[in-house]
Amino acid sequence: MAIYVYTTEQMRALERAADAAGHSYAEMMEEAGAAVARVIHMLWPAEETRVVVLAGPGNNGGDGLVAARFLAQAGFSVTAFLWKRPEQDQQAEQARATGVAIFPAEEDLHRLQRAIERAHIVIDALLGTGLNRPIEGTLADILKIVQEEQKRSRQFDDAPLVWFTEDPSFSIKIPHRLSVVAVDIPTGINSDTGAVDPATVPADITITFAGPKVGQLLSPAATMQKAIIVADIGIPEAVKEASPAIAELVTPALAATLLPERSLLGHKGTFGRVLIIGGSVNYPGAPGLAAMAALRSGAGLITLGVPDLVAMALAPKQDLTNCTWLMLPHDLGALKPDAIKVLADEIPAYDALVLGPGLGQEEMTFAFVWALLGLRAHVAPRPSGIGFIKEHATPEPEAPTLPPTVIDADALNALAAFDEEWAPRLPPNHFVLTPHPGEMARLCGVEPSYVQANRLQLAQQKAQEWQQTVVLKGAYTIIAAPDGHVSVSPFATPVLATAGTGDVLAGLIGGLLAQGLAPYDAARLGVFLHGLAGRLLADEYETDRGVLATEVAQWLTHAISALANIAGE
Ligand SMILES: NC(=O)C1=CN([C@@H]2O[C@H](COP(=O)(O)OP(=O)(O)OC[C@H]3O[C@@H](n4cnc5c(N)ncnc54)[C@H](O)[C@@H]3O)[C@@H](O)[C@H]2O)[C@@H](O)CC1
Ligand SMILES: Nc1ncnc2c1ncn2[C@@H]1O[C@H](COP(=O)(O)OP(=O)(O)O)[C@@H](O)[C@H]1O
Ligand SMILES: [K+]
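Residues numbered from 1 in each chain as written. Chains lettered and ligands numbered in written order. Predicted model: local features only at pLDDT ≥ 70, side-chain atom pairs only at ≥ 80, totals over all residues. Heavy atoms only, no water.

Right, let's talk about the overall build of the protein chain for a bit. Scanning the protein chain from N- to C-terminus turns up 20 helices and 20 strands. On C-alpha atoms alone, the protein chain measures out to a radius of gyration of 27 Å, which is about the 25 Å that the 2.2 N^0.38 rule sets for 569 residues. Expressed along its principal axes, the backbone C-alpha trace of the protein chain runs to roughly 85 × 55 × 45 Å. Of all 569 residues assigned to the protein chain, the portion counted as buried reaches 58%. (Helix = DSSP H or I, 4+ residues; strand = E, 2+ residues; numbered from the N terminus. Rg over C-alpha atoms; globule rule 2.2 N^0.38 Å. Buried < 20%, exposed > 50% of the residue type's maximum accessible area, 1.4 Å probe, protein only.)

Spatially, 11 strands are ordered S1-S9-S20-S19-S18-S17-S16-S15-S10-S11-S12 in an open sheet, and the strand pairing comes out mixed. In the strand order of this sheet, the two ends are held by strand S1 (4–5) and strand S12 (324–327), each with one partner. Those strands touched by helix H13 (residues 409–417) are strand S15 (352–355), strand S16 (405–407) and strand S17 (431–433), and its axis lies near 75° from that of S16. (Pairing = 2+ DSSP bridges. Contact = heavy atoms within 4.5 Å. Axes fitted to C-alpha atoms, helices over the stretch in contact; angles between N-to-C directions.)

A word on the coordination of the potassium ion (ligand 3). At this site the potassium ion (ligand 3) is bound by Asn60 (OD1), Asp124 (O), Leu127 (O), Val183 (O) and Ile185 (O), with donor distances of 2.6 to 2.9 Å. In the primary sequence, the donor residues of the potassium ion (ligand 3) line up as N-x63-D-x2-L-x55-V-x1-I. On the criterion of sequence distance, the pair formed by Asp124 in strand S5 (residues 121–125) and Ile185 in the loop between strand S6 (179–183) and strand S7 (203–209) is long-range, its members being 61 residues apart. Asp124 sits in the buried class, given a relative accessible area of 3%. (Donors = N, O, S within 2.8 Å, 3.2 Å for Na, K, Ca; no water.)

What follows concerns the packing of aromatic side chains. Here the structure, examined in full by the defined rule, presents 5 aromatic pairs. Taking 6.3 Å as the distance between ring centres and 45° as the angle between the ring planes, the aromatic pair formed by Phe366 and Trp370 counts as tilted. With a gap of 4 residues between them, Phe366 and Trp370 both fall in helix H12 (residues 363–372), about one helical turn apart. With a relative accessible area of 9%, Phe366 lands in the buried category. Grouped by ring-pair contacts, the aromatic residues Phe366, Trp370 and Phe418 constitute a single cluster. Above the face of the Phe70 ring, Arg69 is positioned so that its terminal group lies 5.2 Å from the ring centre. (Phe/Tyr/Trp six-rings, centres within 6.5 Å; stacked < 30°, edge-to-face > 60°. Lys NZ or Arg CZ within 6 Å of the ring centre and 35° of its normal.)

In this section: the site of ligand 2. The environment of ligand 2 is formed by 18 residues, the closest being Lys473, Gly474, Thr493, Gly500 and Gly502. Take Leu496: an N or O atom from its main chain is 3.2 Å from an oxygen atom of ligand 2. Here an oxygen atom of ligand 2 and a backbone polar atom of Gly500 are 2.9 Å apart. Considering ligand 2 on its own, with 570 Å² of exposed area, one finds that the protein chains cover 78% of that surface. A majority-of-atoms criterion places ligand 2 in the second largest pocket. (Near = heavy atom within 4 Å. Polar contact = N/O pair within 3.5 Å; in protein donor to acceptor, adjacent residues only side chain to side chain. Areas by Shrake-Rupley, 256 points an atom, 1.4 Å probe, with all protein chains shown as cover. 1 Å grid on protein atoms, 1.4 Å probe; cavity = no way out; pocket = protein on both sides within 12 Å on 5 of 7 lines; lining within 4 Å. Sits in = over half its atoms within 2 Å of the grid points.)

Right, let's talk about the pattern of salt bridges for a bit. A complete count under the given rule lists 23 salt bridges for this structure. The shortest N-O distance in the salt bridge between Arg16 and Glu9 comes to 3.8 Å. Here Asp108 ties to Arg111 by a salt bridge, and the two come within 3.7 Å at their closest N and O atoms. On the accessibility criterion, Asp108 (27% relative accessible area) is partly exposed. (Salt bridge = Lys/Arg side-chain N within 4 Å of Asp/Glu carboxyl O.)

What follows covers the confidence of the model for the protein chain. Mean pLDDT over the protein chain: 92, with 92% of residues reaching 70 or higher. In the model, residues 158–162 has pLDDT below 50 throughout and makes 23 contacts with residues more than four positions away in sequence or in other chains. Within the model, pLDDT remains below 50 along residues 377–381, and this stretch shows 10 contacts once partners closer than five positions in the same chain are excluded. (pLDDT = per-residue confidence, 0-100.)

The following block contains the structure:
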């Protein structure tokens, strides 16, 4: 079952289509409220758990009152406060009939405050995707009460968790006296832009319906939610598949279908050969990290094409004794265009290439990258001497035909530094570009803040313009295909925000390319396994800091094995 990411308008269209197909709005609200109650019931014991539901004027409030009813039926002690919602409302009546105590919020904020002080859970069902103006007045007062109580109740900051089934595979930690559970989206988050109203209360758990709303995955909204659980509200699959969505979420089920087949009779040649080209005197470790990840990806044979002094430093490292080596010509530890001569003979033996980790930014190294990518005609020879006499070194060899290639790190910077259009000169749908927001900004000639504010659209637009797969890294990494398809990673975990994890990702995607995956699929699976390895490590250490990139590479094997289990659930 695919899970998609929606804009507010797409979500409304999906609801309309579901309603037209016979799954009514009332049924969807019933399922939404039931899902909220189920998640809470899974994590808290009904006895002795006091729940306060804050219900607003729209459907979000309706969902909250349905949840209130199911929770009361399950034995929770539930109080609901209505804001801008009549007490005779149908959902309120039904909830009251099951024993939910219901009060108008406006008339007695003191009562509301006392209830929240005694509560274990506050359900935020004030506003959902219908937010359309700044929050002020009574609504701001209500949220302020929750915010203050939440601050008082924080004992320690738990490890973040983002997941998307109702049966979380990782334990959701409930360290606070008071937990905030948001219905669909925390009140005050703009579900399209990710903008956050200052009144917004961060949610420990957000239960979002049918699929994430794109704003939830953008900054700064992403920081206001920890666990995001996607709940099915019964929209028929056929309706979902026929309705437009802005992106697809990479779920365990999807990732599992992408894992390359593994023949019982396979030998190392069957599973692909990866050549990693990178390394320089200042960054000797990066290609090694890429190689460790490629080794763990299941690829058959990994070679490091690096300057000899980088090879000397790396070869004794534990995992890297499993690699073979190709010494490439360099000047003072930086690769130079002559390396093409060595590579021209070697490259045909490889099924995938990873170009970039640790290359450095020497001009001759950029010239090497341009030449390898066949942008050679536009490598400007360096002028020397007086006047206009230009000195040509040895004639440049022909650029070899490259296998599917990951372009990462300084190879991306080399592209950004190329002074003419590079994209039309590359064979289409043959490369995976893996920029972080800074590299993306350089490639696009914009500010990093612009990249972050327009992550999804920019990645989509550039993948189409460049006709290559683009992986825009960071929390909720975006993977965009040349045909306009976009996928989003479900992982936002600062455990990965440490030097070298990008090299690990590049090597992993390279290893998957070598096993025959198409660029977009190799990127989607690679990003997922990389994020999962990070999550597993955060669970193992019970912290989201202090994990090393080498460990992320090593744990890829655990991630692959965990994927099979998670997807099977
Ligand atoms: N996605 C789905 O398929 C389903 C969605 N449902 C729920 O429906 C919600 C959307 O419902 P609605 O469209 O009724 O929207 P909301 O429930 O978010 O509320 C909209 C109302 O709040 C008012 N409002 C907006 N911003 C305000 C502000 N800053 N201050 C004061 N008032 C403000 C609006 O004028 C409008 O009256 C979703 O978030 C979800 O919870 C569910 O009922 C089930 C089905
Ligand atoms: N908060 C986060 N949530 C999820 N993934 C993250 C987060 N921070 C960083 N990452 C991931 O970690 C990797 C960092 O890559 P990069 O920025 O290239 O670092 P480096 O060059 O040091 O390897 C990327 O795959 C990125 O998506
Ligand atoms: K809400």
